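Below, each chain spelled out in residue letters.
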Amino acid sequence: MAELKLEGIGKRFGAVTAVENVDLTIPDGKLVCLLGPSGCGKTTLIRIIAGLEEPTTGRLLLDGEDITRLPAHRRNFGMVFQSLALFPHLTVGENIAYGLRIRGANRSVQKTRVDELLDMVQLPGLAGRHIAQLSGGQRQRVAIARALGLAPRLFLLDEPLSALDAKLREAMQVELRLLQQRLGITTIIVTHDQREAMTMSDLVVVMDDAKVQQVGTPLEIYRNPLNTFVADFIGSSNLLPVTVAGRTSVDLAGQLLTTPAISMDIVDGGPATLSIRPEDVHVLPPGAEGENRIAGRVTFVRDFGASVETHIRCDSVEAISVAAPKDRPDVACDDEVTVELPPASCVVLPR
Ligand code: ATP
């Protein structure tokens, strides 16, 4: 059991606030991604968790025990950083056994454990190889095996896959996720790649500007973003300027649209942003009547093979629709069309 709680964690470097007032629970056995753009504070936050940085405010509780001032080497956390920090002059086996040796394990225990760990990361029989003789993906696996060698209470990874090419990276995301689920180890991963976060996580923590913007499952964050930053950062979204026209309706360029209940934080008659995913925007023939349908004109079409993207201008706003090839609208640039924004797919956010 290893549940980590962050209470009011903050970090200032002189005049810079790197992390501000973070309250967060990392549940036992789950994989949580810290996701955000460069400079949002995610590395600082994972370094605080690792014990490599002392927070300016707040405390860390591991299974209820206050570990805020516990030195890094006494936390028993496994860590993998972007640089991997493998020892180039040692073999794979010596790298993996390093922590075990420091802890005083005898040679035969070290060998058995190294073989177990190499099997686990799918590198059986490579103990005698030198680090320089490995591919990028294999080095990654060695770093993971080394970090897991001491059965850590928490597994921390900072951009662990960013040095790999796109294909290998996707394969490693799946592999790492399967390994984490098999071991049931509480894991925190820093990434700026939203696809990576969506692929791997039980929970995604979206950060921007030193603060946590939203915490949720990948699907919750995708379907119900709390603000325009999250809506735009996770996947792509149409963010359309509207005026609130009631508790379940907005005015988009002079047309009334029905929406799910609008948060009371957004005032009637005030400005707001309507967020809708491109795959939820439907392109219909001109004159098609019905709820949340408005007239528009096609400005651009592009076909990616696996999907078709259509841009439509409706008065002063432009929306993008993405459809699967079988639902391809039969339209070309300059055609008049009707755009449908289904009420259940609309999310009204503060401007
Ligand atoms: P990246 O993805 O680029 O690594 P990040 O989200 O991990 O970014 P951090 O490295 O945590 O962001 O940095 C957050 C902010 O704190 C940035 O403005 C950064 O310049 C600042 N910062 C980080 N470490 C220090 C330091 N040791 N001294 C001064 N400022 C720092």
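Computed from a predicted structure; not experimentally measured.

What counts and what doesn't
Residues numbered from 1 in each chain as written. Predicted model: local features only at pLDDT ≥ 70, side-chain atom pairs only at ≥ 80, totals over all residues. Heavy atoms only, no water. Helix = DSSP H or I, 4+ residues; strand = E, 2+ residues; numbered from the N terminus. Buried < 20%, exposed > 50% of the residue type's maximum accessible area, 1.4 Å probe, protein only. Contact = heavy atoms within 4.5 Å. Areas by Shrake-Rupley, 256 points an atom, 1.4 Å probe, with all protein chains shown as cover. Pairing = 2+ DSSP bridges. Axes fitted to C-alpha atoms, helices over the stretch in contact; angles between N-to-C directions. Near = heavy atom within 4 Å. Polar contact = N/O pair within 3.5 Å; in protein donor to acceptor, adjacent residues only side chain to side chain. Nonpolar A, V, L, I, M, F, W, Y, C, P; charged D, E, K, R; others polar. Salt bridge = Lys/Arg side-chain N within 4 Å of Asp/Glu carboxyl O. Disulfide = S-S within 2.5 Å. Core = buried A, V, L, I, M, F, W, Y, C linked by side-chain atoms within 4.5 Å. Parallel < 35°, antiparallel > 145°, perpendicular 65-115°, else oblique. Left-handed = near helix turned anticlockwise from the far one by under 90°.

K.L.:
Got a sec to walk through the overall build of the protein chain? Specific residues and values, please.
P.N.:
For the protein chain, the count of helices and strands is 8 helices and 20 strands. Residues classed as buried in the protein chain amount to 47% of the 351 residues present. Residue pairs in contact within the protein chain that sit at least 24 positions apart in sequence constitute 66% of those at least 6 positions apart. Surface accessibility of the protein chain: about 16,500 Å² in total, with carbon and sulfur atoms responsible for 51%.

K.L.:
Account for the sheet that holds strand β14 (residues 271–276), with residues named and values stated.
P.N.:
Strand order in the open sheet formed by 5 strands is β13-β12-β11-β14-β20, and the pairing between neighbours is antiparallel. Either end of the sheet is taken by a strand with one partner, and the two such strands are β13 (255–258) and β20 (347–350). Strand-to-strand twist of the sheet, defined as the mean angle between neighbouring strand axes without regard to direction, takes the value 45 degrees. Here strand β11 (residues 238–244) pairs with strand β12 (residues 249–252) via 2 bridges, running antiparallel.

K.L.:
I'd love a proper account of the site of the ligand, names of residues and values included.
P.N.:
In the region of the ligand, the neighbouring residues are Phe13, Val16, Ala18, Pro37, Ser38, Gly39, Cys40, Gly41, Lys42, Thr43 and Thr44. Between the ligand and Gly39, the relevant distance is 2.7 Å, taken from an oxygen atom to a main-chain nitrogen or oxygen of the residue. One of the side-chain N or O atoms of Lys42 is found 2.7 Å from an oxygen atom in the ligand. Computed on the free molecule, the ligand has an accessible area of 630 Å², of which 57% lies beneath the protein chains in the complex. Broken down by secondary-structure element, the contributors of at least two residues to the shell around the ligand are β2 (16–26) and α1 (42–50). Take the shell around the ligand: its biggest share by element is 3 residues, from α1. In terms of residue class, the shell around the ligand is made up of 5 nonpolar, 5 polar and 1 charged.

K.L.:
An account of the pattern of salt bridges is requested, with residue identities and associated values reported.
P.N.:
A side chain of one charge can pair with a side chain of the opposite charge when the charged atoms of the two come close. Enumeration over the complete set of coordinates arrives at 22 salt bridges. A salt bridge links Glu53 to Arg47, with the nearest nitrogen and oxygen atoms 3.2 Å apart. Assessed through its relative accessible area of 28%, Arg47 is described here as partly exposed. Between Asp115 and Lys111 there is a salt bridge, with its nearest N and O atoms 2.7 Å apart.

K.L.:
Describe in detail the environment of Met120, supporting the description with residues and values.
P.N.:
You can see Met120 is positioned in helix α3 (residues 107–120). Sequence spacing of Met120 and Arg141 is 21 residues, and the spatial spacing of their C-alpha atoms is 9.3 Å. If we skip the residues at most four places from it in the chain, Met120 touches Leu148, Leu179, Arg182 and Leu183.

K.L.:
Mind laying out the state of the cysteines, listing which residues take part and the relevant values?
P.N.:
For the coordinates displayed, the defined rule picks out 0 disulfides. In this structure Cys40 is a free cysteine whose sulfur lies 12 Å from that of Cys33, the closest cysteine sulfur available. As a non-bridged cysteine, Cys346 has Cys314 as the owner of its nearest cysteine sulfur, 12 Å distant.

K.L.:
Can you tell me about the nonpolar core, naming the residues and giving the values?
P.N.:
Of all hydrophobic cores here, the largest spans 41 residues; its most connected members are Val80, Ile96, Val142, Ile144, Leu148 and Phe155. If one sorts the elements of this core by residue count, helix α4 (residues 136–148) sits on top with 6 residues. In this structure Ile144 touches Val80, Val121, Phe155, Met172, Leu176 and Leu179, once residues within four positions along its chain are discounted. Of all hydrophobic cores here, the second largest spans 27 residues; its members include Leu6, Ile26, Cys40 and Ile46.

K.L.:
Go over the packing of α4 against helix α5 (residues 166–183), please, and point to the residues and values.
P.N.:
The description of two packed helices rests on the angle between their axes and on the distance between the axes. For the pair α4 and α5, interaxial distance at closest approach is 11 Å and the crossing angle is 20 degrees. Taken together, the axis directions place α4 and α5 in an arrangement best described as roughly parallel. The crossing of α4 and α5 is right-handed. Judged by residue contacts, Gly137, Gln140, Arg141, Ile144 and Leu148 of α4 engage Leu168, Met172, Glu175, Leu176, Leu179 and Leu183 from α5.

K.L.:
Could you give an account of the sheet that holds strand β1 (residues 4–13), with specific residues and numbers?
P.N.:
Within a sheet, neighbouring strands are paired by backbone hydrogen bonds and run either parallel or antiparallel to one another. Here 4 strands make up an open sheet; going across it, the order is β2-β1-β4-β5 and the pairing antiparallel. Since the sheet does not close on itself, it has two edges, and those belong to β2 and β5 (65–66), each with one partner. Pairing geometry for β1 and strand β4 (residues 57–62), over 5 bridges, is antiparallel. Bridge assignment links Leu6 to a residue of β4, and that residue is Leu60. Seen against the sheet, α1 touches β1, β2 and β4 and runs at an angle of roughly 120 degrees to β1.

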